[in-house]
Amino acid sequence: MQAQTLYEKLWSSHVVHQESDGTALIYIDRHLVHEVTSPQAFEGLKLAGRAPWRVSSIVATADHNTPTDHWDQGIQDPVSRQQVETLDANIRTVGALAYFPFKDQRQGIVHVIGPENGATLPGMTVVCGDSHTSTHGAFACLAHGIGTSEVEHVLATQCLLQKKSKTMLVKVEGELAEGVTAKDVVLAVIGRIGTAGGTGYAIEFGGSTIRGLSMEGRMTICNMAIEAGARAGMVAVDDVTIEYLRGRPYAPKDAHWEQAVTYWRTLISDEGARFDKVIEIDAAGLLPQVTWGTSPEMVTDILGRVPNPASVQDPVRREGMERALSYMGLVADTPLNEVEIDQVFIGSCTNSRIEDLREAAAVARGRRKSDRVKRVLVVPGSGLVKRQAEAEGLHEIFVAAGFEWREPGCSMCLAMNADRLLPGERCASTSNRNFEGRQGNGGRTHLVSPAMAAAAAVTGHFVDVRTFERLAEDGA
Amino acid sequence: MKAFTILEGLVAPLDRANVDTDAIIPKQFLKSIKRSGFGPNLFDEWRYRDHGEPGMDNASRPLNPDFVLNAERYRGAQILLTRQNFGCGSSREHAPWALEDYGFRALIGPSFADIFFNNCFKNGLLPIVLPEAVVDGLFSQCLANEGFRLKIDLREQTVSATDGSVLSFEVDAFRKECLLNGWDDIGLTLRHAEKIRAFEAQRKVEHPYFFA
């Protein structure tokens, strides 16, 4: 048999039907649902008098609108509250395999709770009305974001209409320097191929650097595949994948576990499989990354400078850069490590897992936030992550450093709840998008890793975290 | 879904690359549980001088005179010229809902983000991909000629200008049929219900752990 890529294996094992132009009906194993992109889909289903096809495929949670403090007071914003209550009512009516509502012990960001509960499994198709569904590809599944019409389509038919993507291999080789993380790798990839570089492709991340990452790190990388334009990112199965899943609540048990593992071991790209495009990245030379503009591709390393639009020939690109610098309030040629910040956000589906919080805490330990920084939000990805962090005492490090330890949710990644930047405020953020207004109208976002965000919090400006000594608890 | 056959309409140029769906419809408007009413908040942060929130009277808000869609000459535009990677970022279908509610029925650009592109077809909105140089030419013509109009014929897969020039574009055969007929995807898929059931039954046998 011809050597196949991981994507081709996942694709061909889910084709139910194919039209003559290649449009295929793809079977969906897991449907993740949150409050923002589902109400119109449930309503459409009801209006058409259709029943949901397989409710046991649904895992739902409320995350985008939920507040991250004062949970005892409920959701203050009436419009947000209505959206969350609408999800409660829809799941009550329709049913689900699992629902983690607002205030539930296991509530959290949809892309955190799926994997940590073992509801995301290798070999699955996973969809959600959210572009960061690419996160789940870290488990060698075919996972991507869909629109609300497609949410309704999956509810009604358990299938999606799809065309096969082209395949891209992003091969990352070499050992990462101390202080350089998965976030830096993926930002560097986006800087290299651009935000449209992956359009039309499913990206497989491979190479020794990726194999050396934890599942948390792999999720960070796949999460931002969409920021490179690819709807789906994925990583092949190995021992790390399998060990992560063992014993999780919805992971297979006993004889099913053995059967599943045998199958999962086949979820790799075969030797000699052909990709439509291959990108190679040298990780050994990689430095911590910081974005300077209003698109994730506008990125450089911490030793770099804000670029100068005058050096760019293409007029559309040059104008885009000029507009970005004006919005960001930055002057060309300024060294990145001189850029001062007003707020810090540590959280989001990109970087709110336990490993991310450990990295941030390792930098914050024994230090205080800079006086010029108004607020440092630390928002765990889920209730389980929060409890794990508290069991490890991470919250005490954050609180001692003057950071705010919050309840789980999407929070200031997209600022749909009350956590947001004021106009003109500059933020070091571990999230995934630095678009205009993303973290609040007029807010200025710089994307960085959790360690870089924590380092910026304590110095008040961007700083090379590699030069940061890890202190003991007492600051010695 | 509204059918799309032939559209003859005024063209507006949005001369920016990488326009993301946060810009097309900011997050505060995503709290709505409805599918309609997003038009007045299309490009909200660029279009108005103040900060918009749901429930405001948009008609009385101060407009940003520098934003292209606020120019009198583009009032009533149904075709939007775009640059590279239009619709990138969030998967929010509120973006095509807002464009459609505003009055757009077609977009012409060198490339669109995947999820956005897909969402357009579900809402009777036709995204047309043309080579970058051709789109450049359309931008120039649009800026130079007030009242610049184009005619889009989906069946023939052509875009024609009033000067008689005709451009061809590609579209997937299946998507084209759905759009021409205004077909509901779900209805079409459910014609294959037996096949889906058979696939599902087989999958349960081979991979029971996906159905636990």
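Residues numbered from 1 in each chain as written. Chains lettered and ligands numbered in written order. Predicted model: local features only at pLDDT ≥ 70, side-chain atom pairs only at ≥ 80, totals over all residues. Heavy atoms only, no water.

> Mind showing me how you'd approach the overall build of chain B here?
Summing up its helical and strand segments, chain B has eight helices and seven strands in all. Taking the principal axes of the C-alpha coordinates as reference, chain B spans close to 65 × 45 × 25 Å. Taken over 212 residues, chain B has a buried fraction of 58%. Accessible area for chain B stands at about 8,500 Å²; split by element, carbon and sulfur atoms hold 50% of it. A distance of 4 Å separates the average location of the 25 positive side-chain charges in chain B from that of its 29 negative side-chain charges. (Helix = DSSP H or I, 4+ residues; strand = E, 2+ residues; numbered from the N terminus. Buried < 20%, exposed > 50% of the residue type's maximum accessible area, 1.4 Å probe, protein only. Areas by Shrake-Rupley, 256 points an atom, 1.4 Å probe, with all protein chains shown as cover. Lys, Arg positive; Asp, Glu negative; His and termini not counted. Charge placed at Lys NZ, Arg CZ, Asp CG, Glu CD.)

> Can you help me understand the overall build of chain A in this one?
If you tally the helices and strands in chain A, you get 15 helices and 19 strands. In terms of overall size, chain A behaves like a compact globule, its C-alpha atoms giving a radius of gyration of 22 Å where 476 residues would be expected to give roughly 23 Å. For chain A, the C-alpha atoms occupy an extent of roughly 55 × 55 × 45 Å along the three principal directions. Counting across all 476 residues of chain A, residues that qualify as buried make up 67%. Taking contacts inside chain A between residues at least 6 apart in sequence as the whole, the part at least 24 apart equals 77%. Of the accessible surface of chain A, which amounts to about 15,600 Å², a share of 48% is contributed by carbon and sulfur atoms. (Rg over C-alpha atoms; globule rule 2.2 N^0.38 Å. Contact = heavy atoms within 4.5 Å.)

> Which parts of the structure should I look at to understand the sheet that holds strand 5 (residues 98–100) of chain A?
Pairing between the strands of a sheet comes from backbone hydrogen bonds, and it takes one of two forms, parallel or antiparallel. Residues and elements named next belong to chain A. Spatial ordering of the open sheet is given by 5-4-3-6-7, a layout of five strands whose pairing is parallel. The sheet is open, and its two edges are formed by strand 5 and strand 7 (142–145), each paired on a single side. Across the sheet, the mean angle separating the axes of adjacent strands is 15° when strand polarity is ignored. (Pairing = 2+ DSSP bridges. Axes fitted to C-alpha atoms, helices over the stretch in contact; angles between N-to-C directions.)

> Hey, could you run me through the side chain of B:D20 in this one?
Along the chain, B:D20 turns up in the loop between strand 1 (6–13) and helix 1 (21–24). Of the side chains with opposite charge, B:R92 lies nearest to the buried B:D20, which makes no salt bridge, at 6.5 Å. Looking at B:D20, its side chain comes within polar contact range of the main-chain nitrogen of B:A23, at 2.8 Å. Once you skip the residues sitting within four places of it in the chain, B:D20 turns out to touch A:F435 and B:C88. (Salt bridge = Lys/Arg side-chain N within 4 Å of Asp/Glu carboxyl O. Polar contact = N/O pair within 3.5 Å; in protein donor to acceptor, adjacent residues only side chain to side chain.)

> Would you take a moment to explain helix 6 (residues 182–193) of chain A for this structure?
In an α-helix, one full turn covers 3.6 residues, which means residues spaced three or four apart are oriented alike. All names here are of chain A. The end-to-end C-alpha distance of helix 6 is 17 Å, a good match for the 16 Å that 12 residues give at a rise of 1.5 Å each. With 10 of 12 residues buried, helix 6 lies mostly within the body of the structure. Those residues of helix 6 not exposed but buried are A182, K183, D184, V185, V186, L187, A188, V189, I190 and I193. Directly beyond the C-terminal end of helix 6, a positive phi value near 85° is found at G194. (Expected span 1.5 Å × (residues − 1).)

> Would you mind showing me how to read the confidence of the model for chain B here?
Low-confidence regions, as indicated by low pLDDT, have predicted coordinates that should not be scrutinised in detail. When pLDDT is averaged along chain B, the result is 96, and 100% of the positions lie at 70 or above. Here the predicted complex scores 0.97 on pTM and 0.96 on ipTM. (pLDDT = per-residue confidence, 0-100.)

> Hey, could you run me through the domain arrangement of chain B in this one?
Interfaces are frequently sized by the accessible area removed from exposure as the parts join. By domain assignment, chain B separates into domain 1 (6–181) and domain 2 (184–212). A straight line from the C-alpha centre of domain 1 of chain B to that of domain 2 of chain B covers 36 Å. (Domains from an automatic or database assignment.)

> Help me out: how do you make sense of unusual backbone geometry in this one?
Most peptide bonds adopt trans geometry, and most residues besides glycine take a negative phi value. Residue and element names in this part refer to chain A. The backbone of S348 sits at a positive phi, close to 90°, despite the residue not being glycine. Mapped onto the fold, S348 is located in the loop between strand 15 (343–346) and helix 12 (354–364). S348 sits in the buried class, given a relative accessible area of 1%. Positive phi, normally seen in glycine, also occurs at A415, with a value near 60°. Tracing the backbone through its elements, the reader meets A415 in the loop between strand 17 (404–405) and strand 18 (426–429). Residue A415 is classed as buried on the basis of its relative accessible area, which comes to 4%.

> Please clarify how the packing of aromatic side chains should be interpreted in this entry.
What describes a pair of aromatic rings is the distance from one ring centre to the other and the angle between the planes of the rings. Residues and elements named next belong to chain B. The full count for this structure, using the stated rule, is 20 aromatic pairs over all chains. Between the aromatic rings of F86 and F116, the centroid separation amounts to 5.4 Å while the plane-to-plane angle is 70°, which identifies the pairing as edge-to-face. Of this pair, F86 sits in the loop between strand 2 (79–81) and helix 3 (94–102) while F116 is found in helix 4 (residues 114–121), placing the two residues 30 residues apart along the sequence. Assessed through its relative accessible area of 2%, F116 is described here as buried. An aromatic cluster is built from F86, F112, F116, F117 and F121, whose rings are joined through pairwise contacts. The side chain of R16 reaches across the aromatic face of W46, ending 3.8 Å from its centre. The cationic tip of R83 hangs over the ring face of F139; the distance from NZ or CZ to the ring centre is 3.9 Å. (Phe/Tyr/Trp six-rings, centres within 6.5 Å; stacked < 30°, edge-to-face > 60°. Lys NZ or Arg CZ within 6 Å of the ring centre and 35° of its normal.)

> What exactly am I supposed to notice about the pattern of salt bridges here?
For the structure shown, the criterion picks out 36 salt bridges over all chains. A salt bridge links A:D77 to B:K31; the nearest nitrogen and oxygen atoms lie 2.6 Å apart. With one member in each of two chains, A:D77 in the loop between strand 4 (58–61) and helix 3 (78–94) and B:K31 in the loop between helix 1 and helix 2 (44–47) form a pair that bridges those chains. A:D77 gets classed as partly exposed once you look at its relative accessible area, which sits at 28%. Residue class for B:K31 comes out buried when judged on its relative accessible area of 3%. One salt bridge in this structure joins B:E194 and B:R197, with 2.7 Å as the shortest N-O distance. Residue B:E194 and its partner B:R197 are both found in helix 8 (residues 193–206); the two are separated by three residues, about one turn of the helix. The class of B:E194 is exposed, set by a relative accessible area of 57%.

> For this particular structure, what's the right way to read the interface of chain A and chain B?
Contact residues are listed per partner, giving 78 residues for chain A and 60 residues for chain B. Of the roughly 5,800 Å² buried between chain A and chain B on both sides combined, carbon and sulfur atoms contribute 56%. The interface formed by chain A and chain B includes nine salt bridges. For A:E152, the salt bridge is made with B:R35, and the minimal N-O distance between the two is 3.0 Å. Our count for the contact surface shared by chain A and chain B stands at 38 residue pairs in polar contact (both at pLDDT 80 or more). Sorting elements by how many residues they give to the side of chain A that touches chain B places helix 5 (residues 148–157) of chain A first, with seven residues. Partitioning the side of chain A that touches chain B into residue classes produces 28 nonpolar, 31 polar and 19 charged. (Buried area = accessible area lost by both parts, 1.4 Å probe. Nonpolar A, V, L, I, M, F, W, Y, C, P; charged D, E, K, R; others polar.)

> Looking at this structure, how should I read the environment of A:I242?
Residues and elements named next belong to chain A. Inspection of the secondary structure assignment puts I242 in helix 9 (residues 239–245). Taking the relative accessible area as the measure of exposure, I242 reaches 2% and is therefore buried. Once the C-alpha coordinates of I242 and Q83 are considered, the two residues, 159 residues apart in sequence, prove to be 36 Å apart. Those residues in contact with I242 that lie beyond four places of it in its chain are V237, W257, V261, W264 and R265.

> Looking at this model, I keep getting lost on the pairing of strand 16 (residues 375–378) of chain A. Mind explaining?
Along any regular strand the residues' side chains alternate between the sheet's two faces. Residue and element names in this part refer to chain A. Residues R375 and L377 point to one face of strand 16 and V376 and V378 to the other, with burial holding for every one of them. Where strand 15 and strand 16 come together, four bridges link them in parallel fashion. By the bridge assignment, Q343 is partnered in strand 16 with R375. Note on the crossover from strand 15 through helix 12 to strand 16: the handedness is right-handed. Here strand 16 pairs with strand 17 via two bridges, running parallel. Looking at strand 17, one finds that L377 is bridged to E404. (Right-handed = clockwise from strand over helix to strand, strands pointing away.)

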